[in-house]
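# Observations on the model geometry
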Amino acid sequence: MNILILGSGGREHALAWAVMQNPKCDRLVVAPGNAGIAAIADCADLDILNGIAVVNFCEERSIDFVIIGPEAPLAAGVADDLRGAGFKVFGPSAAAAQLEASKAFTKEICDAAGAPTAAYGHFTDAAAARAHVEAHGAPIVIKADGLAAGKGVIIAMTQAEALAAVDTMFDGAFGDAGAEVVIEEFMEGEEASFFVLCDGEDVLPIGTAQDHKRVGDGDTGPNTGGMGAYSPAPVLSDAVAARALDEIVRPTMAEMAKRGTPYQGVLYVGLMIKDGAPRLVEYNVRFGDPECQVLMMRLGAQAFDLIQACAEGRLAEARVNWAEDHALCVVMAANGYPGSYEKGSVIGGLDALPEDSANMVFHAGTGQSGGDIIATGGRVLNVTARGVSLAEAQARAYDTVDRVDWPEGFCRRDIGWRAL
Ligand code: AMP
Ligand code: GLY
């Protein structure tokens, strides 16, 4: 098969790495890709938010199957355009992608499905939102309704902070994403992510993970897109996963199907777990980044068989071949991230690193300049390792990190601490 992956991050490099190992893959193209992806697949310059351009590209290149990595093309309806043109696609329709693109939509679906989640209010004007905050007090969570690149959530520990957050959102700090605001009860517990494939009817769990959102060791400092991740997540035991499927995922999927907008693709289920009871924090309609890197490391070549079964509506007959293993990913970022940082520094030492089924360096923000690999983004490399224990995976990942020659970059030294 000729396979196209849309996206350019570490998530897409990990997907490309897994797909390339599957014998069904004759040719792999990634658009737009990055320097690491270019070493294992063809990269193509393509506007991945333009459905017509993507369809034309697939026709020109005889593509048989498309995997959509990030949320933006999904929310823009690129999966709909491709399906309309007869292509096989992994990823939800724009209507189903509302599960990530609108927090108010998701809360309303949870109500209809009876899925446990934080109590909430939905507001389109500042006065009503402020009154809600005054009535409920702090801690309380203020969220921009739309896509805000992971930055539209403010956990307010005091009422004054909450009122300021409401004003900031209605003043347009998040553009259109903040024109509507959801205010939620603050949930206590331990957070973990549950990844489930859904084909519109059946669901298949494909792994659990925890990520580290804060930039600094000990989970301190500002939030980021994710500084590391590991899988499995011990807090998401089989019993908690079974409850999450029965109480949250299956009722949501049934509600989506009932509304005529069945969900097809990977569903990233963000959970808050307290005393063995899961509640929904959020859905994302794509793999997490860097959670995808640890999942792909554990699934390997079978990932594409599962993705294909999902896209073809055959999940009822699909099975995951689990190994008793653990994977861990350390994100190396440019000094200054998530604030301002320099681009263009040269990364050395990459050629001498091990690349096998237990050790991979997935690229996120990298490019090529002359013969050098250079940093082109905030999150730059995703050093990922697998082991029989989490401690072994962690030791392997940091051993590789220490061999990367990049003075302009940094990483957290404690990825996995909660589980170790
Ligand atoms: P979201 O974009 O909705 O996932 O929110 C980003 C992060 O904010 C989550 O991963 C949680 O760590 C935190 N968060 C969101 N909603 C809540 C809530 N209701 N209670 C506690 N923490 C939350
Ligand atoms: N690592 C969090 C996310 O991908 O949303």
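What you see is a predicted model, and the numbers here were worked out from it, not measured in a lab. (Residues numbered from 1 in each chain as written. Chains lettered and ligands numbered in written order. Predicted model: local features only at pLDDT ≥ 70, side-chain atom pairs only at ≥ 80, totals over all residues. Heavy atoms only, no water.)

## Focus on the pattern of salt bridges
Enumeration over the complete set of coordinates arrives at 27 salt bridges. Here Asp167 makes a salt bridge to Arg130, at a shortest N to O gap of 2.7 Å. Linking Asp167 in helix α9 (residues 159–170) with Arg130 in helix α8 (residues 126–136), this pair joins segments that are 37 residues apart in sequence. The class for Asp167 is partly exposed, based on a relative accessible area of 27%. Linking Lys258 and Glu255 is a salt bridge whose minimum nitrogen-to-oxygen distance equals 3.6 Å. With a gap of three residues between them, Lys258 and Glu255 both fall in helix α10 (residues 238–258), about one helical turn apart. (Salt bridge = Lys/Arg side-chain N within 4 Å of Asp/Glu carboxyl O. Helix = DSSP H or I, 4+ residues; strand = E, 2+ residues; numbered from the N terminus. Buried < 20%, exposed > 50% of the residue type's maximum accessible area, 1.4 Å probe, protein only.)

## Observations regarding the sheet that holds strand β8 (residues 153–156)
Within the open sheet, the four strands sit side by side as β6-β9-β7-β8. Their pairing is antiparallel. Both outer strands of the open sheet, β6 (120–123) and β8, are each paired with one neighbouring strand and no more. For this sheet, the mean inter-axis angle between neighbouring strands, taken without regard to orientation, is 15°. Sheet contacts for α9: β6, β7 (140–144), β8 and β9 (181–185); angle to β7, the most-contacted strand, approximately 5°. (Pairing = 2+ DSSP bridges. Axes fitted to C-alpha atoms, helices over the stretch in contact; angles between N-to-C directions. Contact = heavy atoms within 4.5 Å.)

## Notes on the nonpolar core
By size, the foremost hydrophobic cluster in this structure holds 51 residues, and its most contacted members are Leu4, Leu6, Leu82 and Leu99. A per-element tally of this core places α10 first, with eight residues. The contacts of Leu6, once residues within four sequence positions are left out, are Glu12, Ala31, Leu46, Ile48, Val54, Val66, Ile67, Ile68, Gly69, Pro70 and Val78. Counting residues in hydrophobic clusters, the runner-up holds 46 residues, among them Ala18, Ala229, Tyr268 and Phe304. (Core = buried A, V, L, I, M, F, W, Y, C linked by side-chain atoms within 4.5 Å.)

## Re the pairing of strand β13 (residues 220–223)
Across two bridges, strand β12 (residues 214–216) lies against β13 in antiparallel orientation. In the strand pairing of β13, Gly216 is matched with Thr220. Count of turn residues in the β12/β13 antiparallel hairpin: three residues, of which Gly218 carries a positive phi of about 75°.

## Brief notes about the site of ligand 1
Among the 15 residues in the neighbourhood of ligand 1, the closest are listed as Glu184, Glu185, Met187, Glu191 and Glu282. One of the side-chain N or O atoms of Lys213 is found 3.2 Å from an oxygen atom in ligand 1. In isolation ligand 1 has 470 Å² of accessible area, and contact with the protein removes 89% of it. Contributing elements (two or more residues each) for the shell around ligand 1: β7, β8, β9 and β16 (277–284). For the shell around ligand 1, the class distribution of residues is eight nonpolar, no polar and seven charged. (Near = heavy atom within 4 Å. Polar contact = N/O pair within 3.5 Å; in protein donor to acceptor, adjacent residues only side chain to side chain. Areas by Shrake-Rupley, 256 points an atom, 1.4 Å probe, with all protein chains shown as cover. Nonpolar A, V, L, I, M, F, W, Y, C, P; charged D, E, K, R; others polar.)

## Topic: empty space enclosed by the protein
Inspection of every chain in the model, using the stated rule, returns one cavity of 30 Å³ or more. The volume enclosed by the largest cavity comes to roughly 50 Å³. Every residue lining the largest cavity is counted, 13 residues in all, and those nearest its centre are Ile68, Phe90, Val266, Val285 and Arg286. Elements that contribute at least two residues to the lining of the largest cavity include exactly β4 (65–68) and β15 (264–274). Broken down by class, the residue content of the lining of the largest cavity amounts to nine nonpolar, three polar and one charged. (1 Å grid on protein atoms, 1.4 Å probe; cavity = no way out; pocket = protein on both sides within 12 Å on 5 of 7 lines; lining within 4 Å. Points joined across faces, edges and corners; volume = space filled by probe spheres on them.)

## A short note on the packing of α8 against α9
α9 packs onto α8 with a crossing angle of 165° between their chain directions and a minimal axis gap of 10 Å. Comparing their axes, α9 and α8 come out roughly antiparallel. Classified by chirality, the crossing of α9 by α8 is right-handed. Contacts between α8 and α9 pair Ala126, Ala129, Arg130, Val133 and Glu134 from the former with Gln159, Ala162, Leu163, Val166, Asp167 and Phe170 from the latter. (Parallel < 35°, antiparallel > 145°, perpendicular 65-115°, else oblique. Left-handed = near helix turned anticlockwise from the far one by under 90°.)

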